[in-house]
Amino acid sequence: MIIAQITDLHVRPRGRLAYDRVDTNAMLKATVATLMKLPRRPDVVLATGDLTDCGLLEEYEVLRELLAPLSMPVYLVPGNHDRRENMRAIFYAKGYLPADGEFLHYVVDAHPVRLIGLDTVVPGEGHGLMCLRRLNWLEEQLARAPGEPTVIFMHHPPFLTGLADMDRINCRGGDSMADIVARFPNVERVLCGHVHRFMLRRLGGTIAMACPSTASQIALRLAPEAPPASVMEPPGCLIHHWQPGGGLVSHLSPIGDSGAPMLFF
Ligand SMILES: [Fe+2]
Ligand SMILES: [Fe+2]
């Protein structure tokens, strides 16, 4: 099974740029084209939040259009730039989002790897939260299938990154989540977005990863006093390849045309 992960698409209304300078819609279009041209197509695509830039209904309509060429199931979780009610209005018909309740959490049991989508959003805030209700929900879902290889996907990484500005809008309650995950060794990965760059960290006995954005990246400025900045480093996605008996191997894949493969013998 191949799980492609894309994140922080920050889609805008048609013809509008994000931050007045980044054509996030064109960059998502290029991402979709890259995924569809992979020699082995992903079985599913996970999009880990900040799907739109402002949570507008119009942006979700554009998002639906931009994702339409993907021939495989696409599973979305919200980020701090999203608005649950508008996201639900446009994507509820896809059949996996809950009809009611506050959080857009869900479990997908239809694939060789079990997928648990977590909603970390606190409306109106940049930071995320794993509160007691979310933690209990996650523990319940994990307890239902403790032997199944499982991937959890969410927007805010449940760990500090060392990027001062991102850590101000971190996922509160991440340590409690690590305690739960530690009891389920079948959790292969915790897949995240939000920080607009590739990161990897141990989390409660599993591996937590953050995926690059399909658009602009957050500059790698690890000095505590460094002001936050975005850069147009190459966008990317993660390709997680599950093989029974072989585990889950995660590949960082840049988006765009790298030319024809140079065969070697
Ligand atoms: Fe973002
Ligand atoms: Fe975010």
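Report follows, based on the coordinates.

What counts and how
- Residues numbered from 1 in each chain as written.
- Chains lettered and ligands numbered in written order.
- Predicted model: local features only at pLDDT ≥ 70, side-chain atom pairs only at ≥ 80, totals over all residues.
- Heavy atoms only, no water.
- Pairing = 2+ DSSP bridges.
- Helix = DSSP H or I, 4+ residues; strand = E, 2+ residues; numbered from the N terminus.
- Axes fitted to C-alpha atoms, helices over the stretch in contact; angles between N-to-C directions.
- Contact = heavy atoms within 4.5 Å.
- Donors = N, O, S within 2.8 Å, 3.2 Å for Na, K, Ca; no water.
- Tetrahedral: all angles 85-135°; square planar, octahedral: opposite > 155°, others 65-115°.
- Buried < 20%, exposed > 50% of the residue type's maximum accessible area, 1.4 Å probe, protein only.

**Things to note about the sheet that holds strand β4 (residues 106-108)**
A sheet is described by the order of its strands in space; here 6 strands give the open sequence β4-β5-β7-β9-β11-β10, paired in mixed fashion. At either margin of the open sheet sits one strand with a lone partner, and together these are β4 and β10 (199-203). The mean angle between the axes of side-by-side strands here comes to 20°, regardless of whether they run parallel or antiparallel. Inspection of the sheet shows strand β5 (residues 114-117) paired to strand β7 (residues 150-153) by 4 bridges, in the parallel sense. Looking at the pairing, Arg 114 lines up with Thr 150 of β7. Contacts between helix α4 (residues 132-144) and the sheet are confined to β4, β5, β7 and β9 (187-192), with β5 contributing the most and set at about 170° to the helix.

**Overview of the coordination of the iron ion (ligand 1)**
The expected angle between donors at a tetrahedral four-coordinate metal is 109.5 degrees. At an octahedral six-coordinate metal it is 90 or 180 degrees. Within the protein, Asp 8 (OD), His 10 (NE2), Asp 50 (OD) and His 196 (NE2) serve as the donor atoms for the iron ion (ligand 1), at 2.0 to 2.3 Å. Of note is the iron ion (ligand 1), whose 4 donor atoms meet at the metal with angles of 87 to 172° in an arrangement that counts as irregular. Mapping the donors of the iron ion (ligand 1) onto the primary sequence yields the spacing D-x1-H-x39-D-x145-H. By relative accessible area, Asp 8 is classed as buried at 0%.

**Some words on the coordination of the iron ion (ligand 2)**
Surrounding the iron ion (ligand 2) are the protein donor atoms Asp 50 (OD), Asn 80 (OD1), His 155 (NE2) and His 194 (ND1), at 2.1 to 2.3 Å. Sequence spacing of the donors to the iron ion (ligand 2): D-x29-N-x74-H-x38-H. Here the iron ion (ligand 2) and the iron ion (ligand 1) are spaced 3.6 Å apart, with Asp 50 acting as a shared donor. With a gap of 114 residues between them, Asn 80 in the loop between β3 (74-77) and α3 (84-91) and His 194 in the loop between β9 and β10 connect regions that are remote in the sequence.

**Re the side chain of His 10**
Structurally, the position occupied by His 10 is in the loop between β1 (2-6) and α1 (24-36). What His 10 contacts, discounting residues up to four positions off in sequence, is Ala 18, Tyr 19, Thr 24, Asp 50, Leu 51, Thr 52, Asp 53, His 81 and His 196.

**A short note on the sheet that holds β1**
The 5 strands are arranged β3-β2-β1-β14-β15 in an open sheet whose pairing can be described as mixed. Edge positions in the sheet fall to β3 and β15 (247-254), since each of these pairs with one other strand and no more. With strand direction ignored, the average angle separating the axes of adjacent strands in the sheet is 20°. In this structure, strand β14 (residues 236-243) lies alongside β15, joined through 8 bridges in antiparallel fashion. Considered in β15, the bridge of Gly 236 is made with Pro 254.

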